[in-house]
Amino acid sequence: MLEVAVRIALLLTASATALVLVGAPASQAASTSDIVGITDLGSGANEAWVIAPNGARSVVVFLHERGQPIPAKYLGWLDNLAGQESAVVFPRYESPASRTPQQILSAVRAGMTAAVRHLARLPVTGFGGGPIKGVPVIVVGYGYGATLALYVAANSARWGLPVPKAVVSIFPRPGPFPGVALAPLARSTRVVVQVGAADTQSAKDAAQDLWRAIERHPASRKQLVTVHARGGFRADHGAPLRLTPAAVNAFWEPLDQIVYDARGG
């Protein structure tokens, strides 16, 4: 059963909208008093939003589908993650001039770097202030962001950012970016790729292509999951954005468990 909806405010500046206040169901709700900061950093493609709950025990980087560069469509997800004691980083990564995978990766890097530096200055989040060390980072992506998530995880160490404990790739498309090699992931990183049983064939092919791209990753640290229809919802490409109990059970709850596992319990 869903808990009482949590209402959080996200400040979306000139590049987005004004002030949005939305109620969204969450697998475990937290009161708005648990959110100690919602900060908009940077501008253009380098922009990133950071939601910092009190006593955060992990950081989740959430990478959106292309064409959805502001958090409005993902407030349910972000709210739930903050309620699970995760600081959430939402890179924008898009602008009219940011079109190629290389440009997008550069923008994500800039947004994540600014977000990590910001979080390191917030002792109230539970990180204790100073550089974020020993705090588990989980990278989550949906659609285009699901493919991007694997590249972000593969490049984090080279970028001077924490190596993710886990990567969750939800209904990825496309497959590996043409002309951009996917570097090996850290062998300790857990990888979960979700495929929708009712998604398009091209999306299923993209997931298989990504799976082949990480074929050398340890078998014990990766999982390919096919999400089937259940509880009255269809596992098509839009399913992860739905706020029904069935969709929450299919997507939010497994992610909550992955975050919990990344923290070591």
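See the structure shown above.
Residues numbered from 1 in each chain as written. Predicted model: local features only at pLDDT ≥ 70, side-chain atom pairs only at ≥ 80, totals over all residues. Heavy atoms only, no water.

**A few points about the packing of helix H2 (residues 101-120) against helix H3 (residues 144-155)**
Part 1 of the reasoning: Packing of H2 against H3 leaves a shortest axis separation of 11 Å and a crossing angle of 70°. One finds that H2 runs roughly perpendicular with respect to H3. Between H2 and H3, the contacting residues are Pro101, Ile104, Leu105, Val108 and Met112 on the first element and Tyr144, Leu148, Tyr151 and Val152 on the second.
Part 2 of the reasoning: Residue classes in the contact of H2 with H3 are distributed as 9 nonpolar, no polar and no charged. (Axes fitted to C-alpha atoms, helices over the stretch in contact; angles between N-to-C directions. Helix = DSSP H or I, 4+ residues; strand = E, 2+ residues; numbered from the N terminus. Parallel < 35°, antiparallel > 145°, perpendicular 65-115°, else oblique. Contact = heavy atoms within 4.5 Å. Nonpolar A, V, L, I, M, F, W, Y, C, P; charged D, E, K, R; others polar.)

**Concerning the packing of helix H1 (residues 75-83) against helix H5 (residues 245-262)**
Part 1 of the reasoning: Relative to each other, H1 and H5 sit at 30°, their axes nearing to 11 Å. Between H1 and H5, the crossing angle belongs to the class labelled roughly parallel. With respect to the hand of their crossing, H1 and H5 are arranged in right-handed fashion. Only Phe251, Trp252, Leu255 and Asp256 of H5 make contact with H1, whose side of the interface consists of Gly76, Trp77, Asn80 and Leu81.
Part 2 of the reasoning: Among the residues making up the contact of H1 with H5, the classes are represented as 5 nonpolar, 2 polar and 1 charged. (Left-handed = near helix turned anticlockwise from the far one by under 90°.)

**Some points on the pairing of strand S6 (residues 86-91)**
Part 1 of the reasoning: Taken across its 6 residues, S6 has 6 buried, putting it largely inside the fold.
Part 2 of the reasoning: With burial as the criterion, each face of S6 is covered, one bearing Ser86, Val88 and Phe90 and the other bearing Ala87, Val89 and Pro91.
Part 3 of the reasoning: Both strand S4 (residues 48-53) and S6 contribute to a ladder of 4 bridges, which runs antiparallel. Each residue of the ladder has a partner; that of Val50, found in S6, is Val89.
Part 4 of the reasoning: Note: strand S5 (residues 58-63) against S6, 4 bridges, orientation parallel. Pairing of Ser58 across the sheet is with Ser86, part of S6.
Part 5 of the reasoning: Note on the crossover from S5 through H1 to S6: the handedness is right-handed. (Buried < 20%, exposed > 50% of the residue type's maximum accessible area, 1.4 Å probe, protein only. Pairing = 2+ DSSP bridges. Right-handed = clockwise from strand over helix to strand, strands pointing away.)

**Considerations on H3**
Part 1 of the reasoning: If you check H3, its first and last C-alpha atoms are 17 Å apart, about what 12 residues at 1.5 Å a residue would give, namely 16 Å.
Part 2 of the reasoning: Taking burial as the measure, the 12 residues of H3 include 12 buried ones, the bulk of the element.
Part 3 of the reasoning: All buried positions along H3 are accounted for by Tyr144, Gly145, Ala146, Thr147, Leu148, Ala149, Leu150, Tyr151, Val152, Ala153, Ala154 and Asn155. (Expected span 1.5 Å × (residues − 1).)

**Some details on helix H4 (residues 201-213)**
Part 1 of the reasoning: A rise of 1.5 Å per residue sets the reference length of H4, with its 13 residues, at 18 Å; its end C-alpha atoms lie 18 Å apart and thus fit the reference within 8%.
Part 2 of the reasoning: The complete set of buried residues in H4 reads Ala203, Ala206, Ala207 and Leu210. Buried residues in H4, looked at end-on, bunch into an arc of 95°, giving them a common side. Looking at H4, the residues exposed on the side facing more than 90 degrees away from the buried face are Gln201 and Ser202.
Part 3 of the reasoning: The inward-facing, buried residues of H4 contact H3, strand S8 (166-170) and strand S9 (190-196). (Arc of directions from axis to C-beta.)

**So, the nonpolar core**
Part 1 of the reasoning: Counting 43 residues, the largest nonpolar core has Leu63, Val108, Leu119, Leu148 and Val152 as its most contacted members.
Part 2 of the reasoning: Elements supplying a minimum of two residues to this core: S4, S5, S6, H2, strand S7 (137-142), H3, S9 and H4.
Part 3 of the reasoning: With 8 residues, the single largest contributor to this core is H3.
Part 4 of the reasoning: Of all hydrophobic cores here, the second largest spans 35 residues; its members include Tyr74, Ala82, Val227 and Ala239. (Core = buried A, V, L, I, M, F, W, Y, C linked by side-chain atoms within 4.5 Å.)

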